[in-house]
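Listed below are the residues making up each chain.
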Amino acid sequence: MEKSYSRQTDLKWQQKWHETELYKFNVDRIDDKLYCLEMFSYPSGSQLHIGHWYNYGLTDSWARFKRMQGYEVFEPMGFDAFGLPAENYAIKTGIHPKTSTDNNIKTMQQQLRSMGAMFDWDYELATCDLSYYRWTQWLFLQLYKSGLAYRSDAPVNWCPSCQTVLANEQVVSGQCERCDSEIVRKDMNQWFFRITKYADELLADLDSLDWPSRTIAAQKNWIGKSVGAELTFFVSDSELSFTVFTTRADTLLGASYVVLAPEHKLVEIITTPGQSAAVQEYQLQARKQSEIERLATDKEKTGVFTGAYAIHPITNEEIPIWIADYVLASYGTGAVMAVPAHDTRDFEFAKRFNLPIPRVIKAKDGSDDSLPYTDYGIMVNSGQFNGLSSEEGKKAVVEKLAETDAGKFSVNYRLRDWLVSRQRYWGAPIPMIHCDKCGIVPVPESDLPVELPFDVDYKPKGKAPLTTNESFYYTTCPTCGEPAKRDPDTLDTFVDSSWYFLRFPDSNNELEPWNRQLINKMLPVDKYVGGPEHACMHLLYARFITKAFRDMGYLDFDEPFLSLTHQGIILGPDGKRMSKSKGNTILPDSYIEEHGSDVLRLFLAFGYAYTEGGPWDEKGIKAVARFVERVERLVKHVNQLKKTASKVTTEVGKAEKDLNYVRHYAIKGVTQDAERMQYNTCVSRMMELTNALYKYDLNTEVKNVQLMIDCIRDLMLIMAPFAPHFTEEMWHQSGYEYSIFNQRWPKYDEAALVLDTIEIAVQINGKIKTKLDVDTSLNKAELEKLALSEPQVIKFIGDKSVVKVIVVPKRLINIVVK
RNA sequence: GCCGAGGUGGCGAAAUUGGCAGACGCACCAGACUCAAAAUCUGGCGUGGUUUACCCCACGUGAGGGUUCGAGUCCCUCCCUCGGCACCA
């Protein structure tokens, strides 16, 4: 047999789909819309790799499945085109980022088209296009206007290799997310987005989302809510006071000293002359520490006594004030009350410096008298609070202090504001102007875009490259008209990607970033598919931007992505992550050339649990190629039978019923499993139906050809989302009307799934002893009677007596004997 | 340490959510076709024991307990792997 599926088939149908505009989104059907989105591509130097196929190809299969179910599917594609890799490549090779990015986009467009996905290219966007980033700048201005973008002096994360600051989210255990360089802390004046304003809502709304639990957990961890109280301590012999944050107000009576962060503002004021040399030395040491040193949790506690004392707010006793680097200036109030008996860190510190360790909580059942004791318990040695549980005490102590304004309930978040400025070239310029007279002035919206100049020396020098382009950098103040300077920093690329899903449905709108009525209908995104590595970056930022623009009145929904799936990672054949340096990279191109793109797509569907991924397997792709050929032979064989079979029947006997059962079982299985993106079992069901058809053909002399035709028609339909070119070709060869993707998804018939007889298991005391073919029409009592009269069963029961019989229709009968 | 996801044949994996563990496929073994090979087709394939064979028996989802007529699935205690957070008060 001449094979009729190949790479040529792909190209032929891609051409036809393109000419007939088959996948063009029809806005008139917006009420049936389904927004299916894959995380857009980063056009790096290399080409589409297996990971892209795994993400885009199989999400496209899901989208096609939805299309056949009658949805008007919106599946756009674009490019996250600003960013460091293009710039670093430029520094290395001298090729301008714009040149290399434009080239890469062209290559990737080509490759994405060759995948044969339904992407509607009319909506394509690239974040580095002026038509896109002018609206990114607009976004910035709106955030600025509403107080959500602000400039501040703060200790920031500086990557000495990338020569730029980074957001907290881009620092991974003290190292740069991109280049693994050790991060340095620097005090700099930078732009921030006030994401912390939404901390509580970002946390609370997580529970309403159909997202993987690990991603929800990661965001919860990252936001890091802690509920507690702020308590005020006065400095002895002074009017000065400071507050501490604690989640364990019930342990207040056990506070035997307090600790300020070395950077705490009060330190200079309260330190006694005798201690000032030691304190200054310690502050200097703390500042010099690298991020990695500071994060080490196993190092010995260090600290210095300030010489000053605080007044305990309940006992009025004097307790010493220390400084130590285990207290972070950036969290809570930068000061803690130390309760060494009930906190492991305070305990270590107190041991080291011989500070008192009074116990004020005992275990509820009195069983644990070891220290430190960090669980909840009963308050002891706490005067009027004695006998209260920790839970009660946490309230009672704060309420007591509140009487004198020395305490209030309070919530703290680990989440920090999002640092968005970068001292790099290849990004959207920040639309702000620095004027000596007027201060920081926003660029008027009518002056947007602030165009990124082409002619810039982008080699890193520790300051923003845009300062080297004088005609960009030097400008006039829009307020007073005097000479002024543009902000030379560019926006974090995560700003670009934090709103692209809002732009897609209206990506050609030149008057506004999006039309409100339109996106209120098009969004939220119904299904979002991409890697899990964005859990606390892109996925968090996008939620923040959505909520912020909702509050500004530009859109009416609360969350951007209702349902999220993370595809797994396809590893190299060696089981390691694919990388050029390891030489274990698998490129899709040669497989597509050899087998056609559908074989690759089907293999990715069949070979892995979608959310798990796994090592590349050369043999697997052969197996799937074999399956595709097997289907092709079958289609051709039956099309032949249609014309030439001399002896046919329309009767439906046992063999026909069995075949029809497999057919409807397959339809049902694929319908359910495709819905939840469990693609491997979808392909299994198709294989079973194929096998059943072969078996029927082989074992049946006089065939019900019409049934075979119907089965194969359904097989082509359920296979279509996973092998779009192949099935379109088979559909065509079978004489059906173009296109298979305009067909409705087949429905399964529950009646066909009920067989006349079924094999059920018979257990004695829960162990399977035999199996019976029974009529499915039998009721429970009849089944029980039948089982008990079965010779095998009688033999097993022997002289024991039957205590109980459990009958589960269509499954099993369990006879309990004693 | 806290949070999340996992641990099932030689391998990739399934299991209608408490009801026949291992579907589907890979690899392997045997057979058919063939001069031969490839391709294709048919059958076998968790482990151990027993048996000439058909059969039969026992064991089996990381380990150990428990609930239940019945547990891969629920509960408790551990072990291991991966991911997130972490001197966060």
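Residues numbered from 1 in each chain as written. Chains lettered and ligands numbered in written order. Predicted model: local features only at pLDDT ≥ 70, side-chain atom pairs only at ≥ 80, totals over all residues. Heavy atoms only, no water.

> Give me the lowdown on the protein's contact with RNA strand B, citing residues and values where you can.
The environment of RNA strand B is formed by 58 residues, the closest being Lys301, Arg345, Arg414, Arg630 and Arg811. Considering the 4 Å shell around the protein, atoms of RNA strand B inside it are sugar or phosphate in 63% of instances. Between RNA strand B and Asn221 there is a distance of 3.0 Å, counted from a base nitrogen to a side-chain nitrogen or oxygen. The backbone of Leu328 places a nitrogen or oxygen atom 3.0 Å from a base nitrogen of RNA strand B. Split by residue class, the surface near RNA strand B holds 22 nonpolar, 15 polar and 21 charged. (Near = heavy atom within 4 Å. Polar contact = N/O pair within 3.5 Å; in protein donor to acceptor, adjacent residues only side chain to side chain. Nonpolar A, V, L, I, M, F, W, Y, C, P; charged D, E, K, R; others polar.)

> Just give me the short version of a negative patch on the surface, but keep the residues and values in it.
Together, Asp365, Asp368, Asp369 and Asp375 make up a negatively charged patch on the protein surface. Along the chain, the position of Asp368 falls in the loop between strand S14 (361–362) and strand S15 (378–379). (Patch = residues over 30% accessible without salt bridge, like charges linked within 9 Å, V, L, I, M, F, W, Y side chains within 5 Å. Areas by Shrake-Rupley, 256 points an atom, 1.4 Å probe, with all protein chains shown as cover. Salt bridge = Lys/Arg side-chain N within 4 Å of Asp/Glu carboxyl O. Lys, Arg positive; Asp, Glu negative; His and termini not counted. Charge placed at Lys NZ, Arg CZ, Asp CG, Glu CD. Helix = DSSP H or I, 4+ residues; strand = E, 2+ residues; numbered from the N terminus.)

> Pulling in residues and values, what's your account of the side chain of Thr727?
With respect to the secondary-structure elements, Thr727 resides in helix H24 (residues 724–733). One polar contact links the side chain of Thr727 to the main-chain carbonyl oxygen of Pro724, over a distance of 3.3 Å. For Thr727, the contacting residues outside a window of four places in its chain are Met716, Met719, Ala720 and Ile740. (Contact = heavy atoms within 4.5 Å.)

> Describe the nonpolar core, with residues and values.
Trp418, Tyr500, Phe501, Leu604 and Trp616 are the most contacted members of the largest nonpolar core, which has 178 residues in total. No other element matches helix H23 (residues 705–719), which puts eleven residues into this core. Excluding residues within four positions of it along the chain, Tyr500 makes contact with Leu37, Glu38, Met39, Phe40, Leu125, Tyr132, Tyr528 and His538. In this structure, Ala255, Val304, Val360 and Leu401 belong to the second largest nonpolar core, which totals 47 residues. (Core = buried A, V, L, I, M, F, W, Y, C linked by side-chain atoms within 4.5 Å. Buried < 20%, exposed > 50% of the residue type's maximum accessible area, 1.4 Å probe, protein only.)

> Report on the sheet that holds strand S31 (residues 812–817), specifying residues and quantitative values.
Strand order in the open sheet formed by four strands is S29-S28-S31-S30, with mixed pairing between adjacent strands. Of all strands in the sheet, those bounded by a partner on one side alone are strand S29 (767–775) and strand S30 (802–808). Sheet twist, expressed as the mean angle between neighbouring strand axes with direction ignored, is 20°. Bridge analysis of strand S28 (residues 757–764) against S31 gives four bridges, and the strand direction is parallel. Within S31, the residue paired with Val762 across the bridge is Ile813. On the sheet, helix H25 (residues 780–788) packs against S28, S29, S30 and S31 and is oriented at approximately 125° with respect to S30. (Pairing = 2+ DSSP bridges. Axes fitted to C-alpha atoms, helices over the stretch in contact; angles between N-to-C directions.)

> Lay out H24 with the relevant residues and their values.
Structurally, the α-helix is built with 3.6 residues per turn, so residues lying three or four positions apart point the same way. The buried count for H24 comes to eight of ten residues, which makes it a mostly enclosed element. Those residues of H24 lying buried are Pro724, His725, Phe726, Thr727, Glu728, Glu729, Met730 and Trp731. Residues of H24 that are buried in the fold lie against helix H1 (7–19), helix H2 (50–68), helix H4 (97–115), helix H19 (597–607), helix H20 (618–644) and H23. Following H24 by one or two positions, Gly735 has its phi on the positive side, about 85°.

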